[in-house]
Amino acid sequence: MIEPSTHLRDKYALVGAGHSRLGKVPGVSAQGLLEEAMLNALDDAGLTTQDVDGLICRGPDEIYTFHQVMGERLGIDASFSTTLTNGGASQVMGVALAAMAIDAGMASCVLVGYGRDNWSRVHANKENHMRGSGRPQQMYGMEFGPEFGYYGAIAAHGFGAQRHMHDYGTTREQFGAISVAFRNHALNNPDAVMKKPLTMGDYLGGRMIVEPFSLFDCSLQTDAAGAVVVTSAERAKDLRQKPVLIKGFGTGNNISGWFNGNNMTHTGAIQSGKTAYAMAGVGPEDIDYAQIYDCFTYMVLVQLEDYGFCKKGEGGEFVASGALALDGAMPTNTSGGQLSEAHVEGMLQVVEGVRQLQGIYGPERQVPKAEIGLVSGHGGNTVCESTLILGAA
Amino acid sequence: MSDDYAKAIPVPGPESLPFWEGAKNHQLMIQKCSDCEHHWFPPSTVCTGCGSRNIEWVASSGKGTVFSFVVFHRLYHKGWDGAIPYAVAVIELEEGARMLSNVIGVPVDEVKCDMPVEVIFEDATSDLSLPKFKPV
Ligand SMILES: [Zn+2]
């Protein structure tokens, strides 16, 4: 039985956020991109590498102890550092871990970031391109998968989408409403990779990849990195930006497996959200915007349900109602998300979550009167979830 | 049966050898707990239902339903050239265990969740048989 914890609420803050160039950035490594993002995040805060004593990061998963690689490149000795391996849930979890490390007296100023060179890897050779992956094949299972022609994260997520459609009558048009909404957001983000409008007709005409997902259900292949700086709310008062408080966080990892029980339609976001809401002392009705991990359209829909923004099974109607727009019931992925801005495995969701509360945008992108936001990370073969609830200082 | 088989050949882990040996004999082997009767897959050395070490391998009836499925329209591996579109499914066996496989013997647009299926072994090479599922 988990006892709700509240002593961390509003005690730590995100004081800087940044990202690298986004999209096709040939000739730069994931490490180089992450340096670019980390320096931009430190600039945002008015800090330098010399102020950093904690480093939590992730890069290409086959690089051993990635935080050591980054520490050497940045010239940082850390009192606390590690590399996370919860897939797309790692980046949001990194922020939670930073707050925990500072609270435990193990660090005072923690850089959290993730960098990838996925577009370059996927386009490096024919074999990677066919597999649609920048990861070495050896990192995937060698039995109970490839022999059945089971490849890619798309198929695992597709199982969830198909079962949700079966159980609740969810439709492809409803998935399409997510793609269209995020593309509309991207058109107001000058850094977003996708620049052209997307209509429902375009969505429905997209070529089928792994049914029920077509081209526009899938996130982008991206070279990019993002980073944020975490320190105490007290110290944050003296820094450059308006601080963004960490009100609560949680994790929920259904590591008994995606195939187990009803995990495909009732995700780790249920537990992760419950923990985060309890720490923050808020509920879904208090959230002004959401930055939701969108590897595939379905994951947005099911997480919106699991965070309580609508009832279980009603995610399809919810997203089709226009809820995800800036003036909708739950403005979601206001930068365009991984479907239309760039795919940095949740790190850009954190960056956008912070910037909405820094209040730096014009009316075309700023969520009106934003005071509390929710950021989600999801990944690790579809079963790990992390949640952050952020608040204006 | 052909030894110029172009699809991926599974590399069994030490715990899954009984599954692959069973498949060669056209038996669908899964694990069962001798204490709580729970059945599960993929293999491990502990009951995933109750934590007991008192476990055994048993032959499944091979009957079950499609829990969920996807249809591949894009080629990810050259061995599947000419086989597209094909259905990959999570099969729920009647004993309760779930496993990944293909649904064959039916057009992909007729595959549905909860559809009853039963195992059929495909002899891929002289050394490898794969359990696949066809509608009952
Ligand atoms: Zn048992």
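On a predicted model such as this, the values are computed, not experimentally measured, just so you know. (Residues numbered from 1 in each chain as written. Chains lettered and ligands numbered in written order. Predicted model: local features only at pLDDT ≥ 70, side-chain atom pairs only at ≥ 80, totals over all residues. Heavy atoms only, no water.)

Describe in detail the overall build of chain B, supporting the description with residues and values.
The helix and strand inventory of chain B stands at one helix and eight strands. What you see for chain B is a C-alpha radius of gyration of 15 Å, in line with the 14 Å of a compact globule of 136 residues. Seen through its principal axes, chain B has C-alpha atoms that stretch 45 × 35 × 25 Å. Taking all 136 residues of chain B together, 47% fall into the buried category. The long-range fraction of contacts in chain B, counting pairs at least 24 apart against all pairs at least 6 apart in sequence, stands at 51%. Carbon and sulfur atoms provide 50% of the accessible area of chain B, an area that totals close to 6400 Å². Of the charged side chains in chain B, 11 are positive and 18 negative; the average position of the first set lies 4 Å away from that of the second. (Helix = DSSP H or I, 4+ residues; strand = E, 2+ residues; numbered from the N terminus. Rg over C-alpha atoms; globule rule 2.2 N^0.38 Å. Buried < 20%, exposed > 50% of the residue type's maximum accessible area, 1.4 Å probe, protein only. Contact = heavy atoms within 4.5 Å. Areas by Shrake-Rupley, 256 points an atom, 1.4 Å probe, with all protein chains shown as cover. Lys, Arg positive; Asp, Glu negative; His and termini not counted. Charge placed at Lys NZ, Arg CZ, Asp CG, Glu CD.)

Lay out the coordination of the zinc ion with the relevant residues and their values.
Residues and elements named next belong to chain B. Only Cys33 (SG), Cys36 (SG), Cys47 (SG) and Cys50 (SG) from the protein reach the zinc ion as donors, at distances of 2.2 to 2.4 Å. In this structure, the zinc ion is coordinated by four donor atoms arranged in tetrahedral fashion, with angles at the metal of 104 to 116°. Here the donor residues of the zinc ion share one chain and are spaced in sequence as C-x2-C-x10-C-x2-C. Within this pair, whereas cysteine 36 is found in the loop between strand S1 (29-33) and strand S2 (39-40), its partner cysteine 47 is found in the loop between S2 and strand S3 (55-59), the two being separated by 11 residues in sequence. For cysteine 47, a relative accessible area of 3% corresponds to the buried category. (Donors = N, O, S within 2.8 Å, 3.2 Å for Na, K, Ca; no water. Tetrahedral: all angles 85-135°; square planar, octahedral: opposite > 155°, others 65-115°.)

Explain the nonpolar core residue by residue, including any values.
Counting residues in hydrophobic clusters, the biggest one holds 92 residues, and the most contacted among them are Phe159(A), Ile287(A), Phe309(A), Ile389(A) and Phe72(B). For this core, the leading source of residues is strand S5 (residues 86-93) of chain B, giving seven residues. Ignoring sequence-local partners within four residues, the contact set of Ile287(A) consists of Tyr277(A), Val282(A), Phe309(A), Met330(A), Ile372(A), Gly373(A), Leu374(A) and Ile389(A). Ranked by size, the runner-up nonpolar core spans 42 residues in total, among them Val244(A), Leu326(A), Ala342(A) and Val344(A). (Core = buried A, V, L, I, M, F, W, Y, C linked by side-chain atoms within 4.5 Å.)

Outline the sheet that holds S3(B), supporting the account with residue identities and numerical values.
Residues and elements named next belong to chain B. The strand order S2-S1-S3 describes an open sheet built from three strands, whose pairing is antiparallel. Each having just a single partner strand, S2 and S3 make up the two edges of the open sheet. Sheet analysis places S1 next to S2, joined by two bridges and oriented antiparallel. Each bridged residue has a counterpart across the sheet, and for glutamine 31 the counterpart in S2 is tryptophan 40. (Pairing = 2+ DSSP bridges.)

Any chance you could break down the pattern of salt bridges for me, citing the residues and the numbers?
Residue and element names in this part refer to chain A. Within this structure, the stated rule accounts for 26 salt bridges over all chains. Across the pair lysine 237 and glutamate 234 runs a salt bridge whose closest N-O atoms are separated by 3.3 Å. We note that lysine 237, like glutamate 234, is exposed. Through salt bridges with shared partners, one network takes in Arg58, Asp61, Arg116, Arg135 and Glu345. (Salt bridge = Lys/Arg side-chain N within 4 Å of Asp/Glu carboxyl O.)

Talk me through the packing of helix H1 (residues 30-45) of chain A against helix H2 (residues 66-74) of chain A; I want residue IDs and the actual numbers.
Residues and elements named next belong to chain A. Where H1 contacts H2, the axes come no closer than 11 Å and their chain directions differ by 65°. Between H1 and H2 the crossing geometry is right-handed. Contacts between H1 and H2 involve Gln31, Gly32, Leu34, Glu35 and Met38 on the former and, on the latter, Phe66, Val69, Met70, Arg73 and Leu74. Of the residues in the contact of H1 with H2, the class split is six nonpolar, two polar and two charged. (Axes fitted to C-alpha atoms, helices over the stretch in contact; angles between N-to-C directions. Left-handed = near helix turned anticlockwise from the far one by under 90°. Nonpolar A, V, L, I, M, F, W, Y, C, P; charged D, E, K, R; others polar.)

Which residues make up the interface of chain A and chain B, and what values go with them?
Across the boundary between the two partners, chain A contributes 30 residues, which contact 40 residues of chain B. When the two sides are added together, the surface that chain A and chain B hide from each other amounts to roughly 3000 Å², 65% of it contributed by carbon and sulfur. Three residues stand out in chain A for area buried against chain B, namely Met130(A), Phe144(A) and Phe148(A), and they jointly supply 24% of the buried area on that side. On inspection of chain A and its partner chain B, the count reaches one salt bridge. At the junction of chain A and chain B, the tally comes to 20 residue pairs in polar contact (both at pLDDT 80 or more). Elements with a contribution of two residues or more to the side of chain A that touches chain B: helix H5 (126-131), helix H6 (152-168) and strand S5 (208-211) of chain A. It is H6(A) that provides the largest number of residues to the side of chain A that touches chain B, a total of seven residues. Broken down by class, the residue content of the side of chain A that touches chain B amounts to 16 nonpolar, nine polar and five charged. (Buried area = accessible area lost by both parts, 1.4 Å probe. Polar contact = N/O pair within 3.5 Å; in protein donor to acceptor, adjacent residues only side chain to side chain.)

Any chance you could break down the packing of aromatic side chains for me, citing the residues and the numbers?
Summed over the entire model, instances satisfying the criterion amount to 14 aromatic pairs over all chains. A centroid spacing of 6.2 Å and a plane angle of 65° characterise the contact between Phe175(A) and Phe213(A), whose relative ring orientation is edge-to-face. Of this pair, Phe175(A) sits in helix H7 (residues 172-186) while Phe213(A) sits in strand S6 (residues 213-214); the two residues are 38 residues apart in sequence, bridging distant segments of the chain. An aromatic cluster of at least three residues, connected via ring pairs, comprises Phe144(A), Phe19(B), Trp20(B) and Phe41(B). Cation over ring: Lys7(B) sits above Trp80(B), and NZ or CZ is 4.6 Å from the ring centre. (Phe/Tyr/Trp six-rings, centres within 6.5 Å; stacked < 30°, edge-to-face > 60°. Lys NZ or Arg CZ within 6 Å of the ring centre and 35° of its normal.)

Describe the side chain of Arg183(A), and please don't skip the residues or the numbers.
Residue and element names in this part refer to chain A. Of note, arginine 183 is situated in helix H7. Despite being buried, arginine 183 has no salt bridge partner; aspartate 202 is the closest side chain of opposite charge, sitting 6.8 Å away. For arginine 183, the side chain forms a polar contact with the main-chain oxygen of lysine 196, separated by 2.9 Å. With residues up to four places along the chain from it excluded, the contact list for arginine 183 reads Met194, Lys196, Pro197, Leu198, Phe216 and Ser340.

Pulling in residues and values, what's your account of unusual backbone geometry?
Across the junction of Phe41(B) and Pro42(B), the peptide omega takes the value 0°, indicating a cis bond. Summarising the element assignment, Pro42(B) is placed in the loop between S2 and S3. In the segment running from Ile84(B) into Pro85(B), the intervening peptide bond is cis, with an omega of 0°. Inspection of the secondary structure assignment puts Pro85(B) in the loop between strand S4 (63-72) and S5. The backbone phi angle of Asn333(A) is positive, close to 50°, even though this residue is not glycine. Within the secondary structure, Asn333(A) is located in the loop between helix H12 (315-320) and helix H13 (337-340). Phi angles above zero are rare outside glycine, and Glu345(A) is one such case at about 45°. In this fold, Glu345(A) is placed in the loop between H13 and helix H14 (347-358). We classify Glu345(A) as buried; its relative accessible area is 7%.

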